[in-house]
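So you can see what is in the structure, the chains are spelled out below.
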Amino acid sequence: MTGRSQRQFFDSRASDWEHHCYPQEVRERLAGLVPEFGLAPGARVLDVGTGPGVLIPYLRRAVGPAGRICSFDLSLPMVRQARRKPLLEQDLVLQADAHHLPFDADIFDNVVCFAAFPHFDDPALALFEMVRVARPGARVVIAHLLSREELARHHGGHAAVADDILPDAERMQALFRQAGLGDPRIEDRPGRYLATGGKR
Ligand SMILES: C[S@@+](CC[C@H](N)C(=O)[O-])C[C@H]1O[C@@H](n2cnc3c(N)ncnc32)[C@H](O)[C@@H]1O
């Protein structure tokens, strides 16, 4: 579903994505963001649009050795990078499309979509899928280390993703509710965007 130029954009940047986008200062802010995801030791977590797997070590620290991390991305070069992260036997890194998840319903304790949601062609369908695979009571999180406005400016500098913006707060709340998420909360401020809701 995703446009060819966007796919080429991510495929061609996979090998140096992490080096380029995650200098130490950004990693420190990411470490400060992850506790907001509400992950508990032993949780089964779905990492949506993992890219080169940047989040995997942070998720491991949060869920511990008994937790299960399942990461996926549409881009095979990104998936290959993500598979180089330290993984445990129960973890999984695969190529998949957020619009058609290859998982049963009600299996994840947490669903985290970090720095990927604006790139999905059909945000309502992608969110519906994230909620479908989450167990009742699970938290679904859409997160960025930029505000909605900062992100739009950032993407604006790259033609392949220039139109990839987050829905405004009203639309995001509506998407959350339609997807079956209760009590949607949105924090949108410089350096942080966090939309969370619990599966009813
Ligand atoms: C901006 S990158 C962020 C990657 C990673 N979360 C990070 O923070 O480094 C967005 C990622 O979303 C992926 N993506 C775009 N459309 C997708 C889709 N329909 N399903 C799964 N992943 C997708 C891209 O391939 C890319 O790796």
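Residues numbered from 1 in each chain as written. Predicted model: local features only at pLDDT ≥ 70, side-chain atom pairs only at ≥ 80, totals over all residues. Heavy atoms only, no water.

**Points about the site of the ligand**
Neighbouring the ligand are 24 residues; Trp17, Tyr22, Gly49, Asp73 and Phe114 lie closest to it. A distance of 2.5 Å is found between an oxygen atom of the ligand and a side-chain nitrogen or oxygen belonging to Tyr22. A distance of 2.8 Å separates a nitrogen atom of the ligand from a polar atom in the backbone of Gly49. Coverage of the ligand by the protein chains reaches 97% of its 600 Å² of free accessible surface. Counting residues per element, the ones that place at least two in the shell around the ligand are helix H1 (4–13) and strand E2 (68–73). Broken down by class, the residue content of the shell around the ligand amounts to 14 nonpolar, eight polar and two charged. (Near = heavy atom within 4 Å. Polar contact = N/O pair within 3.5 Å; in protein donor to acceptor, adjacent residues only side chain to side chain. Areas by Shrake-Rupley, 256 points an atom, 1.4 Å probe, with all protein chains shown as cover. Helix = DSSP H or I, 4+ residues; strand = E, 2+ residues; numbered from the N terminus. Nonpolar A, V, L, I, M, F, W, Y, C, P; charged D, E, K, R; others polar.)

**Quick word on the environment of Gly49**
Examined against the element boundaries, Gly49 turns out to sit in the loop between strand E1 (44–48) and helix H4 (56–63). The class of Gly49 is buried, set by a relative accessible area of 18%. For Gly49 and Asn110, which are 61 residues apart along the polypeptide, the C-alpha to C-alpha distance reads 14 Å. In this structure Gly49 touches Phe72, Asp73, Phe114 and Ala116, once residues within four positions along its chain are discounted. (Buried < 20%, exposed > 50% of the residue type's maximum accessible area, 1.4 Å probe, protein only. Contact = heavy atoms within 4.5 Å.)

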